[in-house]
Amino acid sequence: MDDETTKAAGPQKPAAVNGTQGKPTPDRGPSAQQQNARSISDPREVATLVMARMNMVNTKKDELTIAIKGLSDVTQQLARAYAQQMLAMEQLARRVKALEATAGAKTGATAAHDQRPQ
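Residues numbered from 1 in each chain as written. Predicted model: local features only at pLDDT ≥ 70, side-chain atom pairs only at ≥ 80, totals over all residues. Heavy atoms only, no water.

J.: How should the overall build of the protein be read in this particular structure?
T.: When you go through the protein residue by residue, the secondary structure sums to 3 helices and 2 strands. Across the protein, helices and strands are ordered from the amino to the carboxyl terminus as α-β-α-β-α. Accessible surface for the protein amounts to roughly 10600 Å². Of this, 60% is attributable to carbon and sulfur atoms. (Helix = DSSP H or I, 4+ residues; strand = E, 2+ residues; numbered from the N terminus. Areas by Shrake-Rupley, 256 points an atom, 1.4 Å probe, with all protein chains shown as cover.)

Written out as structure tokens, the structure is:
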């Protein structure tokens, strides 16, 4: 079966596999990496490695999706808090203007009352 599959699929190039799973090896030189690398010619092994890498990528994608969702939730909460603070500041500004106007009217009336000749 393997001979027929190989003939039908054509010549296959062996896949190089690094035993470190794509992570850099800090204390090892190129010779140590060459010893860890091996050639794979069996399609089942290649398929197994590809599936393992796909699972790893999908796991990372899921982690990123969760992180983005969390950031989105925090952003919405911050936007709501900001809007509430802006509303409170606008209300306080209107109140200050109203109090200044009331105080100005009283001061103006008192000043006019004080300026009357006695």
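J.: Mind showing me how you'd approach the confidence of the model for the protein here?
T.: Keep in mind that low pLDDT regions are not for reading the predicted coordinates in detail. Model confidence for the protein is summarised by a mean pLDDT of 77, while 59% of its residues fall at 70 or above. The least confident element of the protein, judged by mean pLDDT, is helix α1 (residues 2-9) at 46; the most confident is helix α3 (residues 43-114) at 92. (pLDDT = per-residue confidence, 0-100.)

J.: Which parts of the structure should I look at to understand a nonpolar patch on the surface?
T.: Residues V50, M51 and M54 make up a contiguous nonpolar surface patch of roughly 270 Å² in combined accessible area. Secondary-structure assignment places V50 in helix α3. A relative accessible area of 42% means that V50 is categorised as partly exposed. (Patch = residues over 30% accessible without salt bridge, like charges linked within 9 Å, V, L, I, M, F, W, Y side chains within 5 Å. Salt bridge = Lys/Arg side-chain N within 4 Å of Asp/Glu carboxyl O. Buried < 20%, exposed > 50% of the residue type's maximum accessible area, 1.4 Å probe, protein only.)

J.: Hey, could you run me through the pattern of salt bridges in this one?
T.: When the charged atoms of two side chains lie near each other, side chains of opposite charge can form a pair. According to the stated counting rule, one finds 3 salt bridges in the structure shown. The closest approach of N and O atoms between D42 and R44, which form a salt bridge, is 3.5 Å. Relative accessible area serves as the criterion here: at 54%, R44 is assigned to the exposed category.

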